[in-house]
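Residues per chain, in single letters:
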Amino acid sequence: MATSFVGELPDKTMIAAVILGRRHHPTKVVGAAVLGLGAQAAIAVTLATVARRLLKASVVHQVSGAILLVVAAVLVWVALRAKEDAGDTITPNRPFWQLVGVFFLAELGDVTQATTAGFALSSSEPVVVAVAATAGMTLAIAIGATASSALSRIPERAIWASAAAILILLGVGELTGVLIL
């Protein structure tokens, strides 16, 4: 949950939440986020569960660790190239299902979706991973939707770097067997 939360803060999904939170009631934004992000977490966990059943346990931990390290590398790259300006605009008063679609599409192939798959790949409880990932992302979205002006004070690079550091520790731990997720 913590990794999904931290990873979601500087994300395009968070930017959408900040923008949508200025135009819609926060409960509408958070409700749409739960459905859209939950669907993405379910997809990631399902694919990881299928892969887990097809692979040996040692391979699962190596693949899981590698996924986490690749995602961490992407986060480091993004942190180095991060810009502080969101710049996106979204038409006000979108219907609820359009908001769900915004969150679903924003998360498609995203770093937090890959992270969720990485955790699910090495977990014996994939449903818990999906729920925790959705909860972490939704918490970040709720903060963005309700406190968008306060979030603008947190440097984007610091958030990306924090998420990358967490994933590096988890990935190395998984690869070395020190930490089995």
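The rules behind these values
- Residues numbered from 1 in each chain as written.
- Predicted model: local features only at pLDDT ≥ 70, side-chain atom pairs only at ≥ 80, totals over all residues.
- Heavy atoms only, no water.
- Helix = DSSP H or I, 4+ residues; strand = E, 2+ residues; numbered from the N terminus.
- Expected span 1.5 Å × (residues − 1).
- Buried < 20%, exposed > 50% of the residue type's maximum accessible area, 1.4 Å probe, protein only.
- pLDDT = per-residue confidence, 0-100.
- Contact = heavy atoms within 4.5 Å.
- Phe/Tyr/Trp six-rings, centres within 6.5 Å; stacked < 30°, edge-to-face > 60°.
- Axes fitted to C-alpha atoms, helices over the stretch in contact; angles between N-to-C directions.
- Parallel < 35°, antiparallel > 145°, perpendicular 65-115°, else oblique.
- Left-handed = near helix turned anticlockwise from the far one by under 90°.

## Looking at helix α3 (residues 26-54)
- When the terminal C-alpha atoms of α3 are compared, their 42 Å separation across 29 residues agrees well with the 42 Å that a helix rising 1.5 Å per residue should span.
- Taken as a whole, α3 has its buried residues at V29, A32, A33, G36, L37, G38, Q40, A41, A44, V45, A48 and T49.

## Here we look at the confidence of the model for the chain
- Per-residue pLDDT for the chain averages 75, and the proportion of residues at 70 or more is 75%.
- Segment residues 85-91 is flagged for pLDDT under 50; beyond a separation of four residues in sequence, or across chains, it makes 10 contacts in the model.

## Some points on the packing of aromatic side chains
- Counted by the stated rule, this structure contains one aromatic pair.
- Relative to W97, the ring of F96 lies with its centre 5.3 Å away and its plane at 80°, an arrangement referred to as edge-to-face.

## What to know about the packing of α3 against helix α5 (residues 96-107)
- Their axes nearest at 8 Å, the elements α3 and α5 cross at an angle of 40°. As far as their axial angle goes, α5 and α3 are oblique. The handedness of the crossing between α3 and α5 is right-handed. Residues K28, V29, G31, A32, A33, L35, G36, L37, A39, Q40 and I43 of α3 lie in contact with α5, whose contacting residues are F96, W97, L99, V100, F103, F104 and E107.

## Some thoughts on the environment of Q62
- Position of Q62 relative to the elements: it lies in helix α4 (residues 57-81).
- Judged by its relative accessible area of 46%, Q62 falls in the partly exposed class.

## Regarding the environment of A48
- On the secondary structure map, A48 appears in helix α3.
- A relative accessible area of 5% means that A48 is categorised as buried.
- Separated by 74 residues in the primary sequence, A48 and S122 place their C-alpha atoms 8.4 Å from one another.

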